[in-house]
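Residue-level structure breakdown
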Amino acid sequence: MHGLAGKETAITTTGVALPYPVRVNPYLNDSYAESEAWARSMGMLSRNHRGSEGIWTLERFRRIAIPDLAAKIAPDAEPADLLLIDQALVWIFAYDDYFTSAHKQVRDREGGWEYARRLCDFIGPDPGLSVPEPRDPVERGLVDLWPRLATGRSSYWRREFTRAIHDFIIGAALELENICDDRVPDLIHFVKLRRQTFAGGTGACFAAMSTRAEIPERIRDTEVVASLLDAFIDVMALGNEAVSYDMEINDEGEVNNLMLVLQDLAGDTGDGLGEAHRIATRLIVDRVEYFNHSVEIKLPQLATDIGLSADELAQMRAWIRGAESYLSGLYDWYDSTARYKGGVQGA
């Protein structure tokens, strides 16, 4: 197992150019102030540099550029949906950063599990469910966000978003187990865990919000769609590993990072971080190619086999365009955000 001290500095971009155009939602400028106001109203912003309240300083929050991310992954969303996507992303980052500081960095295994299990009670497919009284900005944010986000969505959308958030919440506690055990996960374990901890399933839901189209019901439970969604999530999640390496390994004491996993797998036979980055890039390219193959070959064949209607085909194609925009927008944001650069993580 690799020790964590003295790790190399990772390449700070994904090194992958996706074959989809980057588009930016025209309502981006309108979302900056509203995004900040919501984070402040939920108690996520500290009053000062050393404030005990909040999760981020205002400067740090602005440098993360969450409205930019929302506008790039959902270029076709209407203003109201764009704002909801932005707030959902704010919440996702808030939970990630709060759990890291409150439980991961102090190796609080018991407290982390207690917090994660409690937080799952705040979201379910029924947006009108009774929830505990929120105690902190993360809980308060989810209580405020979920009923507004879920209103008017299909039962399928609510179920899938709930599942993705539950996986995300519990995934952080599973990562905490590896940290407490000083265990770098093996590659197979890591890929499965990363699909959870990236909240990857929310990407399919955000693509549906942006395009106002869902995957047709008749093909949702097929192996073709399941494997396509796995590839979609893998492209999202694995692209984050190189850009977040320095922050996670050197600043946060994390062990759940693909670059570290690949170095651990290679042992003394590898040439360090450079080789890990090359392998990670190859994995991402392979997953992009599989996603494209599914879109171009597997999905049309499935649609023909079961006789999808013209309306169903239009829905499927619209969702695919949304998924492609999500990936290209996410990768563009990886290369532009200051979230993973030095100095941003200071509270």
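In what follows, the accompanying structure is described. Quick caveat, the model's predicted, so the values are computed rather than measured.

What counts, and where the lines are drawn
- Residues numbered from 1 in each chain as written.
- Predicted model: local features only at pLDDT ≥ 70, side-chain atom pairs only at ≥ 80, totals over all residues.
- Heavy atoms only, no water.
- Helix = DSSP H or I, 4+ residues; strand = E, 2+ residues; numbered from the N terminus.
- Contact = heavy atoms within 4.5 Å.
- Areas by Shrake-Rupley, 256 points an atom, 1.4 Å probe, with all protein chains shown as cover.
- Buried < 20%, exposed > 50% of the residue type's maximum accessible area, 1.4 Å probe, protein only.
- Polar contact = N/O pair within 3.5 Å; in protein donor to acceptor, adjacent residues only side chain to side chain.
- 1 Å grid on protein atoms, 1.4 Å probe; cavity = no way out; pocket = protein on both sides within 12 Å on 5 of 7 lines; lining within 4 Å.
- Points joined across faces, edges and corners; volume = space filled by probe spheres on them.
- Nonpolar A, V, L, I, M, F, W, Y, C, P; charged D, E, K, R; others polar.
- Expected span 1.5 Å × (residues − 1).
- Core = buried A, V, L, I, M, F, W, Y, C linked by side-chain atoms within 4.5 Å.
- Axes fitted to C-alpha atoms, helices over the stretch in contact; angles between N-to-C directions.
- Parallel < 35°, antiparallel > 145°, perpendicular 65-115°, else oblique.
- Left-handed = near helix turned anticlockwise from the far one by under 90°.

The next subject is the overall build of the protein. Helix and strand counts for the protein come out as 13 helices and zero strands. Secondary structure elements of the protein, listed N to C terminal, follow the sequence α-α-α-α-α-α-α-α-α-α-α-α-α. The dimensions of the protein, computed from C-alpha atoms along their principal axes, are 55 × 50 × 35 Å. In the protein, the share of contacts with a sequence separation of at least 24, taken over all contacts with a separation of at least 6, comes to 74%. Accessible area for the protein stands at about 14,900 Å²; split by element, carbon and sulfur atoms hold 51% of it.

Turning to the side chain of N257, a few remarks are in order. As for its position among the elements, N257 is in the loop between α10 (223–251) and α11 (258–266). Of the residues examined, N257 reaches a relative accessible area of 0% and is grouped as buried. A distance of 2.9 Å separates a polar atom in the side chain of N257 from a polar atom in the side chain of E248. Every residue in contact with N257, bar those within four places of it in the chain, is listed here: F190, E241, S244, Y245, E248 and I249.

Turning next to empty space enclosed by the protein. By the definition in use, this model includes four cavities of 30 Å³ or more. Its volume calculated, the largest cavity comes out at about 460 Å³. What lines the largest cavity is a set of 33 residues, among which F93, D96, R194, T197 and F198 lie closest to the centre. Counting only elements with at least two residues in the lining of the largest cavity, the list comes to α4 (79–104), α7 (155–180), α8 (187–197), α9 (201–211), α10 and α13 (310–336). The dominant element in the lining of the largest cavity, judged by the number of residues it contributes, is α4, at eight residues. Each residue belonging to the lining of the largest cavity can be placed in one class, and the counts come to 17 nonpolar, seven polar and nine charged.

Our next topic: helix α1 (residues 28–41). Its 14 residues give α1 an end-to-end C-alpha distance of 20 Å, which sits within 8% of 20 Å, the value for a rise of 1.5 Å per residue. Taken together, the buried positions of α1 are L28, S31, S35, E36, W38 and A39. Along its buried surface, α1 packs onto α2 (58–64), α3 (66–73), α4 and α6 (137–150). Positive backbone phi, approximately 85 degrees, marks G43, located one or two places after α1.

If you look at the biggest cluster of nonpolar residues, it comprises 110 residues, and the most contacted ones within it are M44, W56, W91, Y95 and W319. For this core, the element with the most residues is α10, which contributes 16 residues. Residues within four places of W56 in sequence aside, it is in contact with M44, L45, S46, F61, I64, V90, F93, A94 and D97.

On the secondary structure map, R153 appears in the loop between α6 and α7. For R153, a relative accessible area of 17% puts it in the buried group. Polar contacts involving the side chain of R153 include one to the main-chain carbonyl oxygen of L149, which spans 2.9 Å. If sequence neighbours within four positions are ignored, R153 has contacts with D81, L84, R158 and M209.

Let us now look at the layout of surface pockets. Approximately 720 Å³ is the volume attributed to the largest pocket. As for the largest pocket, its lining consists of 27 residues, and the residues nearest its centre are E160, R163, G201, L229 and I233. Listing elements by their share of the lining of the largest pocket, those giving two or more residues are α7, α8, α9 and α10. Here the element with the most residues in the lining of the largest pocket is α7; it accounts for seven residues. Partitioning the lining of the largest pocket into residue classes produces 13 nonpolar, three polar and eleven charged.

Another point: the packing of α11 against helix α12 (residues 273–306). Relative to each other, α11 and α12 sit at 115 degrees, their axes nearing to 9 Å. In this view, α11 runs roughly perpendicular relative to α12, as classed from their interaxial angle. α12 is crossed by α11, and the crossing has right-handed handedness. On α12, the residues touching L258, M259, L262 and Q263 of α11 are L273, A276, H277, I279, A280 and L283. Each residue belonging to the contact of α11 with α12 can be placed in one class, and the counts come to eight nonpolar, two polar and no charged.

Further remarks concern the environment of R317. For R317, the position within the fold is in helix α13. Taking the relative accessible area as the measure of exposure, R317 reaches 49% and is therefore partly exposed. Along the sequence, R317 and T211 sit 106 residues apart, while their C-alpha atoms lie 10.0 Å from each other.

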